[in-house]
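# Examining the three-dimensional arrangement
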Amino acid sequence: MTSAPPWRRGPVEAASDLCRERRPARPRPTDDQWSVCFEVCPPRTGDDIPDQDARRVGMARRLTEARLRFCGLEPLVDDARLIVSELVTNAIQHGTGTQVTFTMTFRDGFLRLAVHGETSGRPVVRQADDDAERGRGLFLVDRFAAAHGGTWGTSDDGTTTWCTLAVPDGRP
């Protein structure tokens with residue numbers, strides 16, 4: 001006896017079946033890429049970002065965590081969330097445009113996290129004073145990337161900042 005199609009069953013039963021149908025037993029993130037583009041408030045002066053944009057940073061962190069967990073890459077979740085938070089925040093704070101695009105790519109045993117925004121210059125690692133509340137973001141990105149056998153950098157025009165992390169256990 002064949003069960004009814006998902007749209008003819010209850011919402012919980014149907015959603016559960018759809019997840020089983022779409023999610024392979026062992027997801028393989030090889031050459032896999034996805035992006036999300038979102039609007040941000042127009043450029044402004046000052047260090048604080050509007051609440052609406054702060055929610056965008058939180059969304060990017062949650063998407064990162066969900067995708068990594070889906071792919072069975074829990075060991076990367078905490079550090080990747082922090083990196084994405086820093087990169088998206090920098091794009092919002094220092095960008096001159098009204099859109100930011102976050103891309104996550106798996107290729108050749110590396111996870112690549114990239115954030116594209118309109119910027120007027122290339123980001124650099126700063127040495128923040130001990131009591132400073134800001135200014136350590138790219139320092140942290142650099143350290144976490146190195147700890148995971150990766151690196152970070154920017155595109156030639158400075159509009160995209162990216163970071164790579166080696167995928168643990170040689171998984172694709």
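Conventions adopted
Residues numbered from 1 in each chain as written. Predicted model: local features only at pLDDT ≥ 70, side-chain atom pairs only at ≥ 80, totals over all residues. Heavy atoms only, no water. pLDDT = per-residue confidence, 0-100. Helix = DSSP H or I, 4+ residues; strand = E, 2+ residues; numbered from the N terminus. Contact = heavy atoms within 4.5 Å. Pairing = 2+ DSSP bridges. Axes fitted to C-alpha atoms, helices over the stretch in contact; angles between N-to-C directions. Phe/Tyr/Trp six-rings, centres within 6.5 Å; stacked < 30°, edge-to-face > 60°. Buried < 20%, exposed > 50% of the residue type's maximum accessible area, 1.4 Å probe, protein only.

Turning to the confidence of the model for the protein chain, a few remarks are in order. The pLDDT averaged across the protein chain works out to 78; a share of 67% of its residues lies at or above 70. Highest mean pLDDT in the protein chain belongs to strand β5 (residues 160-166) (94); lowest belongs to helix α1 (residues 11-22) (42). A low-confidence stretch, residues 5-27 stays under pLDDT 50, and its non-local contacts, those more than four residues away or across chains, total 12 contacts.

On to the sheet that holds β5, then. What the five strands build is an open sheet, ordered β1-β2-β3-β5-β4; its pairing is antiparallel. Each end of this open sheet is capped by a strand with a single partner; those strands are β1 (32-39) and β4 (152-154). On average, adjacent strands in this sheet sit at an angle of 15° to one another, irrespective of strand direction. Judged from the nine bridges that link them, strand β2 (residues 95-107) and strand β3 (residues 110-119) form a sheet pairing that is antiparallel.

This part takes up the packing of aromatic side chains. The geometry of an aromatic ring pair is captured by two quantities: the separation of the ring centres and the angle between the planes. Scanning the model with the defined rule gives one aromatic pair in all. Here W34 and F102 contribute two aromatic rings whose centre-to-centre distance is 5.8 Å and whose plane-to-plane angle is 90°, an arrangement assigned as edge-to-face. Taken together, the positions of W34 in strand β1 and F102 in strand β2 put the pair 68 residues apart, joining distant regions of the chain. Exposure remark for F102: the relative accessible area of 0% places this residue in the buried category.

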